[in-house]
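This is what each chain is made of:
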Amino acid sequence: MDVIIGKTIGFCFGVKRAIEGAKEILKDSDEPVYCLGELVHNREVIKDLENKGLKFIDTIFQSKGKTIIRAHGVPKQVYEVAVQAGIKLIDYTCPKVLQIHDIVYEYANKGYFILLCGTKQHPEIIGTLSFCGENVLVIENEEDALKSVDIIEKLNIDKCLLITQTTFSLEKFFIMREIIGNELPKNIHLVEKNTICQTTELRQKETEQIAKKVQYMIIIGGKNSSNTKKLYEISNKYCGNSVCIQNKSELPIEEIKKYQTIGVMAGASTPEESINEILEVLKNIK
Ligand code: SF4
């Protein structure tokens, strides 16, 4: 059996920085350390951090001390509450996400209407929305893109910014850009910014390349990880025999045995240990 392993698999820069930073803080801290939301969308990593003493909370109001902000970022109100409550924040928001916050804030202040491509319930989008002011719409699909054009026309808007979540699908962003570019009246000034992070873009391209070559494709990553889901969608489009698993216990070994060429990709929050364990099992399949 031939196994093609993606070159871009493993933690991305933002996730690595947050996890290593959290571990360092836990080593040195003699007081409780909190983390607002899951630090990464990966059960194994979360369990490990919990064992090291990290306390996961859902809202900043549950914090009683030092609190870690994860790579996705948070709404700006969280910073305000922390200042008022005297909570020390350790901010691991990825610089790529912070850059988007700065861009939308700048354009919102210049009077632009913001069209934000992304998943409505994703924490990164929820955080970014808080920097956009009132004039913003989230675009998840073609239907949203068409609706947003109608709304903008009715509101007499004269300038718009089209921008995207860091882990949005590149292919989908191009589709949204085309719809909005074609449908928006030409007198409305449109600024487009592709803010999909390079790591995400490279992983998506590599997933497509591998999926086109193999008979069976394995995507490793958390079920609630946005970038893993996107990789699975891309993989499934080009290789109908695609599966998304979190760890080696979920490997469909009997199914895999039917194929000669297997591709392996992993999301940005998948730890190396999980990937290596799965590769080891694959190596031993007869
Ligand atoms: S996927 Fe990109 S934007 Fe998101 S944490 Fe990783 S490096 Fe940062």
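Everything that follows concerns the structure shown earlier in this document.
Now for a look at the structure at hand. (Residues numbered from 1 in each chain as written. Predicted model: local features only at pLDDT ≥ 70, side-chain atom pairs only at ≥ 80, totals over all residues. Heavy atoms only, no water.)

### Let's talk about the overall build of the protein
For step 1, the next point in the chain: Along the backbone of the protein there are 11 helices and 12 strands.
For step 2, the next point in the chain: Against the globule reference of 19 Å for 286 residues, the protein gives a C-alpha radius of gyration of 21 Å, in line with a compact fold.
For step 3, the next point in the chain: Counting only C-alpha atoms and orienting by the principal axes, one finds that the protein spans roughly 65 × 55 × 20 Å.
For step 4, the next point in the chain: Within the structure as shown, the protein displays about 14,000 Å² of accessible surface, and the carbon and sulfur contribution to it stands at 49%.
For step 5, the next point in the chain: Averaging the locations of the 37 positively and 39 negatively charged side chains of the protein gives two centres separated by 3 Å. (Helix = DSSP H or I, 4+ residues; strand = E, 2+ residues; numbered from the N terminus. Rg over C-alpha atoms; globule rule 2.2 N^0.38 Å. Areas by Shrake-Rupley, 256 points an atom, 1.4 Å probe, with all protein chains shown as cover. Lys, Arg positive; Asp, Glu negative; His and termini not counted. Charge placed at Lys NZ, Arg CZ, Asp CG, Glu CD.)

### Details of unusual backbone geometry
For step 1, the next point in the chain: A positive phi angle, near 60°, is found at asparagine 156, a position not held by glycine.
For step 2, the next point in the chain: When you line up the elements, asparagine 156 lands in the loop between helix 6 (142-154) and strand 8 (159-164).

### Details of the site of the ligand
For step 1, the next point in the chain: Residues in close proximity to the ligand include Cys12, Gly14, Ala71, Cys94, Lys96, Thr166, Cys197 and Thr200, which together make up its full environment.
For step 2, the next point in the chain: For the shell around the ligand, the class distribution of residues is 4 nonpolar, 3 polar and 1 charged. (Near = heavy atom within 4 Å. Nonpolar A, V, L, I, M, F, W, Y, C, P; charged D, E, K, R; others polar.)

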